[in-house]
Amino acid sequence: MKKVLIPLVLFMGLVVFLAVGLKRDPREIPSPLIGKPAPHFTLFTLEPGDAKFSPVDMQGQVWMLNVWATWCVACREEHPVLVAFSEKNQVPIVGLSYKEIQPQDPAYKSPFDEKLKLARERSQVWLKRHGNPYVTSVMDLDGRVGINYGVYGVPETYVIDKAGVIRYKFVGAMTPALLAEKVLPLIAELNKS
Amino acid sequence: MIPELGNFALMLAAVVAVMQGVLPIAGTLVRNPQTQITLQSLARPTAALQFVLIAFAFGALATSFLNNDFSVLYVSQHSNSLLPKPYQFAAVWGGHEGSLLLWVLLLSLWTVAVAVFSRSLPLDMVARVIGVLGLISVGFLLFILTTSNPFERLLPAALDGKDLNPLLQDPGLVIHPPMLYMGYVGMAVAFAFAVSALMSGRLDAAWARWSRPWTVVAWTFLTFGIGLGSWWAYYELGWGGWWFWDPVENASLMPWLVGTALIHSLMVTEKRGSFKAWTVLLAIAAFSLSLLGTFLVRSGVLTSVHAFASDPKRGVFVLIFLAVVVGASLTLFAWRAPRVALGGRMELVSRESFLLANSVLLVVATAAVLLGTIYPLIIDALNLGKLSVGPPYFNAVFAPLLVPTVFLIIPGSVARWRDANVREIAHKLRWTFAGAVALAVLLPFVLGGWSLGAAFGLFLGCWVALGTAQQVILRVSKPGRIGASFWGQHIAHFGMAVLVIGITGVKCYEVERDVRMQIGDVVTIAPYTFRLNSLDEVRGPNYKAVRADVQVLRNDKVIEILQPEKRRYFSSAMAMTEAGIDSGFMRDLYVSLGEPLDDARTEWSMRVYYKPFVPWLWGGVLLMVLGGVLAALDRRYRQ
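Below is a summary of the structure that appears in this document. (Residues numbered from 1 in each chain as written. Chains lettered and ligands numbered in written order. Predicted model: local features only at pLDDT ≥ 70, side-chain atom pairs only at ≥ 80, totals over all residues. Heavy atoms only, no water.)

**Points about the overall build of chain B**
Stated formally: Only DSSP runs of H or I reaching four residues or more are called helices, and only runs of E reaching two or more are called strands; each is numbered from the N terminus. Exposure classes here rest on a 1.4 Å probe applied to the protein chains alone. A residue is buried below 20% of its type maximum, exposed above 50%, and partly exposed in between. Throughout, a residue-residue contact means that at least one pair of heavy atoms, one from each residue, lies within 4.5 Å. Accessible areas in this description were obtained via Shrake-Rupley with a 1.4 Å probe; residue shielding takes into account the shown protein chains only.
Along the backbone of chain B there are 18 helices and ten strands. The principal-axis extents of the C-alpha atoms in chain B amount to approximately 85 × 75 × 55 Å. Put simply, chain B has 639 residues, and 58% of those count as buried. The long-range fraction of contacts in chain B, counting pairs at least 24 apart against all pairs at least 6 apart in sequence, stands at 73%. With an accessible surface of roughly 25600 Å², chain B has 67% of that area assigned to carbon and sulfur atoms.

Written out as structure tokens, the structure is:
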């Protein structure tokens, strides 16, 4: 008699897990960095020349860091959302161009200067075509900054407060709903304090 | 007006479905013989009426699409006035609401088919089967009406629609969902038969015999649907893969694996009267996994490349529905199976034992896929963190389970029923085995390099192919009429062999080059040379594209011109890749456009692939489909 109950019991267990799973969002990935200072870096920016950017430059204001790349398909989906968002001028968005030149790219093994030039060109072309939501974009060619930030998949978005502490992280393409319901209220609150 | 009529028809259909689900089954429970017959006889007409109403609703939605009625929310989200007419029609199932409508339409179609082709069945059985199908339909109709109504209006109306997702604007994807759904929904028929048998307490050979053709037809559709999905992914996604172990793919693979086990298990139950409980359980599982697949796809609990709009309300509904349907049927199973499922004994070596072994292996493989698919969910539910399970897990677990399953096809189909002898089987198959080993050792040299993996995969494929051929030759040389199901069985097994050889060939011998190319540049994958001749702007009805002209040369002679495209659709600005593919018997040459690398768009990243044996994958699937069709057409089922 007991053997025939096994399928039912297994199934009930499955239903419990599915019910709990229903309440979670698989794309909301917890980051150990939330509540911690944003890791420091100094990187070349997108603009030709030797200009560099560091998170310290943003001290005293709330800002967003958006990880992107021209090869990233989901970024193209997200991009119009960011462009529209940036036009409202509510918060500065800094782009982090992540591993623009991929290992399978023939240019991957070129010297750093050439890679930087090529990556800048490609990114500029891309931003010209799709619109530029960034106050500036920095070139993380080897992805080391990405590692420090625990980049999980491109695109990713971070909200960083006036003191330089990471307050929010989202993996995947931003949506207008998410911006309106989560990001904007958070920014408003951070701006008050 | 038309959408309102469709909506009304759908509501009426729900009422009729309740009648179809309750009255005929009630008719099997009452005492009075006159009432019994009256109530049971309602099964067929209510099923027919339900079909007419749902077909009307479906027609109403299709009409709204073809009329560009953008005051219907669903139409405005999934169509556009520039969209070609055939795609406007296919857009009916291009989104969540419409695909559910297609689901219930097909369910009612299957129910009508059961009503028509069940003349030889006792009335009470027909009443139960159609009743169970009616209850399933009630659940889905309520799901549509309460959470996913495709007839909802948008006021004021949109000027133009947002357009069908460009990924879906493709002939392969137009027929992929209906085929897949025919398979899923067909498993509902096998499920209804199993539940009816449990209800009636008659779990006998007759039940297995009735279920078999329905299950085979459902399996055939499922096979075709999965094959189409894979084929589409291969040429449309632009990176040359054909299986990604995505949760939604897994959702279709699981019912297929269990369905395969079910077809074979039903045969044993029909012929030998054994495995009754196991067979019933498989029938319940095949449909439950179809429902689970629906849940996973529709609720958004897992991330998948199949980006369906997800809504937690819908997830809750499907989960409750799943719990009720599967929970009730498994409870019924636990209650009834011990009494009705006393089956015959089985010898350790016999055709039964081989089939049981295969059945168990297929179920374990299904469990492995299920575990991999929902593992992220379980870990998250237990607050142990977030993770994802990728192809390495599936490949590592799935292959070792499928290898013995495929190997056992041959001894299983050679062994006699009831009591077979290992020596005798080994004796019969010794030359086949030797032949397969010889081919496995030699073929890799011809194909371009010996490796253990290649040899092993080729052995498995050759073993099944040669073993099947041996049995066909032996049978054909004997006198007597050969039934369609004999051909069905062996053609399907041969298809499996072709598929295994195909998978081995692609995995072991493909050459992939990701390169940057300008006009005039050349890439060589011996013996082929690819030359980028030109890049042109072309216009489609609702998109603009860059089309590359790639010459393929062999021995300095042009053998083919491939024209991969990068399309940009006006309405969504989404870029789509159309690969250029030259298919031969033994190989595909595959070129797709990546991204422009400079401002003037004269230099592009391109994928240039040599893909041996890919046509064999599709050939194997088509052979399995053909086998399924032949098996279902066997004369025995029409008596």
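**Observations regarding a nonpolar patch on the surface**
Here is the rule we go by: To count toward a patch, a residue needs a relative accessible area over 30% and no salt bridge; like charges are then connected within 9 Å, while nonpolar side chains (Val, Leu, Ile, Met, Phe, Trp, Tyr) are connected within 5 Å. Should a side-chain nitrogen of Lys or Arg be within 4 Å of a carboxyl oxygen of Asp or Glu, the pair is scored as a salt bridge.
A contiguous nonpolar patch, built from Phe 433, Val 437, Val 441, Leu 442, Phe 445, Val 446, Trp 450 and Leu 452 of chain B and spanning about 820 Å² of accessible area, is present on the exposed surface. The element contributing the most residues to the nonpolar patch is helix 15 (residues 422–447) of chain B, with six residues.

**Observations concerning the sheet that holds strand 7 (residues 166–171) of chain A**
Residues and elements named next belong to chain A. Note the following rule: By this definition, two strands are paired if DSSP reports at least two bridges between them. Between the N-to-C directions of two axes lies an angle of 0 to 180 degrees, each axis being a line fitted to C-alpha atoms and, for a helix, fitted only over the stretch in contact.
The five strands lie next to each other as 5-4-3-6-7, forming an open sheet whose pairing is mixed. Among the strands making up the open sheet, the edge pair consists of strand 5 (136–140) and strand 7. Between one strand and the next, the sheet's axes are offset by a mean angle of 20°, whatever the strand orientation. Of the strand pairs in this sheet, strand 3 (residues 63–68) and strand 6 (residues 156–160) are connected by five bridges, and their pairing is antiparallel. For Leu 65, the partnering residue across the bridge sits in strand 6 and is Tyr 158. Along the sheet, helix 3 (residues 112–130) contacts strand 3, strand 4 (93–98) and strand 5; its crossing angle with strand 5, the most-contacted strand, is approximately 140°.

**Structural notes on the pairing of strand 3 (residues 528–539) of chain B**
Residue and element names in this part refer to chain B. By the bridge criterion, four bridges tie strand 2 (residues 522–525) to strand 3 in an arrangement that is antiparallel. Bridging across to strand 3, Ile 525 finds its partner in Tyr 528. Here strand 2 folds back onto strand 3, and the loop between the two strands holds two residues. For strand 3 and strand 4 (residues 543–554), the ladder comprises eleven bridges, and the chain directions are antiparallel. Pairing of Val 538 across the sheet is with Ala 545, part of strand 4. The loop that links strand 3 with its antiparallel partner strand 4 comprises three residues.

**Things to note about the packing of aromatic side chains**
As a reminder of what qualifies: Pairing of aromatic side chains requires ring centres within 6.5 Å, counting the rings of Phe and Tyr and the six-membered ring of Trp. Pairs whose planes differ by under 30 degrees are stacked, by over 60 edge-to-face, and all others tilted. Either the NZ atom of lysine or the CZ atom of arginine qualifies as a charge over a ring when it sits within 6 Å of the ring centre and within 35 degrees of the ring normal.
Applying the stated criterion to the full structure yields 36 aromatic pairs over all chains. Both rings, one in Phe 53 of chain A and one in Trp 63 of chain A, keep their centres 6.0 Å apart while their planes meet at 70°; by these two values the pair is edge-to-face. Remark: Trp 63 of chain A occurs in strand 3 and Phe 53 of chain A occurs in strand 2 (residues 52–53); sequence separation between them is ten residues. For Trp 63 of chain A, a relative accessible area of 1% puts it in the buried group. Arranged with centres 5.8 Å apart and planes meeting at 85°, the rings of Phe 89 of chain B and Trp 93 of chain B form a pair that is edge-to-face. Take Trp 93 of chain B: its relative accessible area is 13%, and that puts it in the buried class. Members of the aromatic cluster, connected to one another through ring pairs, are Phe 41, Phe 53, Trp 63, Tyr 149 and Tyr 158 of chain A. Above the plane of the ring of Phe 44 of chain A lies Lys 52 of chain A, whose end atom (NZ or CZ) is 4.6 Å from the centre. Across the ring face of Trp 335 of chain B, the terminal group of Arg 336 of chain B is positioned such that the distance to the ring centre comes to 4.6 Å.

**Overview of the packing of helix 6 (residues 96–116) of chain B against helix 8 (residues 171–200) of chain B**
All names here are of chain B. Under the convention used in this document: Oblique is the label for every angle not falling under 35 degrees (roughly parallel), over 145 degrees (roughly antiparallel), or within 65 to 115 degrees (roughly perpendicular). Helix crossings are classified by the rotation of the near helix relative to the far one: an anticlockwise turn of less than a right angle makes the crossing left-handed, while a clockwise turn makes it right-handed. By the convention adopted, Pro, Cys, Tyr, Trp, Phe, Met, Ile, Leu, Val and Ala count as nonpolar, Lys, Arg, Asp and Glu as charged, and the other residues, Gly among them, as polar.
Here helix 6 crosses helix 8 at 50°, and the two axes come no closer than 9 Å. Considering the angle they form, helix 6 stands oblique to helix 8. Classified by chirality, the crossing of helix 8 by helix 6 is right-handed. Every residue of helix 8 that contacts helix 6 at Ser 99, Leu 102, Trp 103, Leu 106, Leu 107, Trp 110 and Val 114 is listed here: Pro 177, Pro 178, Tyr 181, Met 182, Tyr 184, Val 185, Gly 186, Ala 188 and Val 189. A class-by-class count of the residues in the contact of helix 6 with helix 8 yields 14 nonpolar, two polar and no charged.

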